[in-house]
Amino acid sequence: MTFSYLGGLRLNLRFILVFAYNYGLKFIKRGPSYLIASLALPLSLLFLIFIISGGKLLPYAIIGGVLSIVTSNAINGAADAAFFRLQIRFQDLFVASPLTKMDYMAALTASYFVFSLPGIVLYVALGFIFHILNLLKLIVLIIVIILITLSFTNLAFIIAGLLRHIRNVWGITAILSIIATVLTPTFYPYFIIPRDFLLILLISPITPASIFLQGYFGLAPYEPISIPILIIETIALMILGNIFIRWRE
Amino acid sequence: MISVNDLKKRYGNIHALKGVTLDIDDKVTSIIGRNGAGKTTFIRILSTQLKPTSGSVKINDLDINKDVQKIRKIILSIPQEAQPVGIMTPLEHLELYLLARGYSLSDARKEGRYALEELEMRDFENVPCDELSGGMKRKVFVAMALASRVEIVFLDEPTTGLDPLSRMEVWNSIRKLDSNIILTTHYMEEASELSDKVVVFSEGKVVSRGTVDELLEPFKDKVRVEKTDGEEYDVKIGKLSIKYVPKHMAQEYLSRGYDVKNITLDDLFISRGITLES
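Residues numbered from 1 in each chain as written. Chains lettered and ligands numbered in written order. Predicted model: local features only at pLDDT ≥ 70, side-chain atom pairs only at ≥ 80, totals over all residues.

Caption draft 1: Looking closely at the sheet that holds strand S2 (residues 14-24) of chain B. All names here are of chain B. Taken in spatial order, the four strands line up as S2-S1-S4-S5 in an open sheet, and their pairing is antiparallel. Here the strands that pair on one side only, and so sit at the sheet edges, are S2 and strand S5 (62-63). Bridge analysis of strand S1 (residues 2-11) against S2 gives eight bridges, and the strand direction is antiparallel. Each residue of the ladder has a partner; that of Tyr-11, found in S2, is Ile-14. (Pairing = 2+ DSSP bridges. Helix = DSSP H or I, 4+ residues; strand = E, 2+ residues; numbered from the N terminus.)

Caption draft 2: Layout of the interface of chain A and chain B. Contacts between the two partners involve 25 residues from chain A, matched on the other side by 30 residues from chain B. Of all elements in the fold, only helix H1 (13-30) and helix H4 (90-95) of chain A reach the threshold of two or more residues within the side of chain A that touches chain B. A per-element tally of the side of chain A that touches chain B places H1 of chain A first, with eight residues. When grouped by side-chain class, the residues that make up the side of chain A that touches chain B number 14 nonpolar, four polar and seven charged. (Contact = placed C-beta atoms within 7 Å. Nonpolar A, V, L, I, M, F, W, Y, C, P; charged D, E, K, R; others polar.)

Caption draft 3: Focus on the confidence of the model for chain A. Predicted confidence across chain A gives a mean pLDDT of 91, with 96% of residues reaching 70 or more. Per-element confidence in chain A ranges from a low mean pLDDT of 50 for strand S1 (residues 5-6) of chain A to a high of 96 for helix H9 (residues 206-216) of chain A. (pLDDT = per-residue confidence, 0-100.)

Caption draft 4: Main features of the nonpolar core. Formed by 139 residues in total, the largest nonpolar core has its most connected members in Ala-156 of chain A together with Ala-143 of chain B. Discounting residues that sit within four places of it in the chain, Ala-143 of chain B has contacts with Pro-90, Leu-94, Ala-115, Leu-116, Leu-119 and Met-121 of chain B. (Core = buried A, V, L, I, M, F, W, Y, C linked by C-beta atoms within 7 Å. Buried ≥ 20, exposed ≤ 12 C-beta atoms within 10 Å, placed from the backbone.)

Caption draft 5: Structural view of the packing of H1 of chain A against helix H3 (residues 90-100) of chain B. Where H1 of chain A meets H3 of chain B, the closest approach of the two axes is 9 Å, and the angle between their N-to-C directions is 160°. With respect to H3 of chain B, the axis of H1 of chain A lies roughly antiparallel. Handedness of the crossing formed by H1 of chain A with H3 of chain B: left-handed. Across from Arg-14, Phe-15, Val-18, Phe-19 and Asn-22 of chain A in H1 of chain A, the residues of H3 of chain B making contact are Glu-92, Glu-95, Leu-96, Leu-99 and Ala-100 of chain B. (Axes fitted to C-alpha atoms, helices over the stretch in contact; angles between N-to-C directions. Parallel < 35°, antiparallel > 145°, perpendicular 65-115°, else oblique. Left-handed = near helix turned anticlockwise from the far one by under 90°.)

Caption draft 6: Molecular detail of the sheet that holds strand S12 (residues 235-237) of chain B. Residue and element names in this part refer to chain B. Pairing in this open sheet of four strands is antiparallel, and the strands run S12-S13-S11-S14 from one edge to the other. Either end of the sheet is taken by a strand with one partner, and the two such strands are S12 and strand S14 (259-261). Geometrically, the sheet is characterised by an average inter-axis angle of 30° between neighbouring strands, direction not taken into account. Bridge count between S12 and strand S13 (residues 240-246): three bridges; the pairing is antiparallel. For Val-235, the partnering residue across the bridge sits in S13 and is Ile-242.

Caption draft 7: Examining unusual backbone geometry more closely. Positive phi outside glycine occurs at Arg-89 of chain A, with the angle close to 60°. By the secondary structure assignment, Arg-89 of chain A is in the loop between helix H3 (58-87) and H4. Residues other than glycine seldom take positive phi values, yet Asn-60 of chain B does so here, at roughly 50°. Relative to the helices and strands, Asn-60 of chain B is located in the loop between strand S4 (54-59) and S5. We classify Asn-60 of chain B as partly exposed; it has 15 C-beta atoms within 10 Å.

Caption draft 8: Structural context of the domain arrangement of chain B. Residue and element names in this part refer to chain B. When cut into domains, chain B gives domain 1 (2-210) and domain 2 (220-271). For domain 1 and domain 2, the distance between their C-alpha centres works out to 35 Å. In this assembly, five residues from domain 1 lie in contact with five residues from domain 2. Of all the elements, helix H7 (residues 188-194) adds the most residues to the side of domain 1 that touches domain 2, at three residues. A breakdown of the residues in the side of domain 1 that touches domain 2 according to their chemical character gives three nonpolar, one polar and one charged. (Domains from an automatic or database assignment.)

Set out below in structure tokens:
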């Protein structure tokens, strides 16, 4: 009955991986409609942007599409986290066990990441087909995807922790998902937005992520400040998520 | 096994527990009480899900505030209204739960299958839980308790909302557990079927405890008579007048239009602690 260790942080890796497999991969197999639903908006926007811009803005739609899939799946995690805590009491079952809240949060995060994988693979393939990606850019993209998954999953834990009942959670996550992925410069160049408005949008981690990637991929002026902003926001959300998860009340 | 001393829990202005002092050392102890009596709060504190406002709890001499992780290794708590995740199968639930307790994957699978076999659920081990009946879903959690072989199992209203047949199925499963069990219920029949001792909670306090026979001692040789707007009563619930009378007077009350009922554990609630005339 040994536990695994990861960089000094005591994590139950077996639990995390099996949870991600059962709740991420098997979910895709047993409930494929959810996967299609999560791909519907970014693929529709990709199609529209391609048609309207005559293909000129396609790189934005592909980078934005990846970020959008990861973000909306992570935000939708709020509904799951709230459902597990308030409705089916699945979280309570693990609270009264040797599992730590870090294990539980990591397991849910990993399952959302796994659930996003088919979409990520599809967009990465498009990125290579349209010569937007190379190996180095892919590595950078994966790092940004991990940061975005961490930040928005923790936002999901915060939302789930603040709720007293679940009746509004699906509405809240749908609104947040649209705000985070459509309003922010995810599918369009960040420099066309008025500066003041862009500063407000920086509150969402997807904005610095998009600014960084658009700059790094040579689509827009490079703004190195976007990297520390993204990292700081991710760390802040992880700290808050850790507080709001309501493990032992 | 469990020693509770002056346990209090307050939610804002609401005093959910008002100084509970109790020792629990029986194989199966039922905590009964009406909705809002403090049963769930009590069990959530004992199972380390909720911090108490004040007071102390010791489980096998481990302190609920200082030794949380040690306590979590020897307990399992099945929350009220717990439901399995619809898309996951019973075996996947068991594997996951046992992995959470530190089992290896092969041991988790082996113990999971053993528990499902014991509860006659092997045929359903790979069926997604949203395709199972209510009783089967609840048995998934009992299987967790069976497979994990913990010392103490807390069951918060394990059969609420189940039909009588499913309830009996769950009771039979619970009887197979070797662990010490503390369960809350507001089904008197459940407490009577499963428990060695019964603790009665009312408004955040323990109002009585003992075996079923001991608790029903004040009602010995009595029957409950009841009538809508009856002129005599010990307790009035809405328009229903309820009175406890010696058995030999039952016929007299029947002739006056009262219904006559045998005493059950329900009468502990109904009587609300009134002192019965001998």
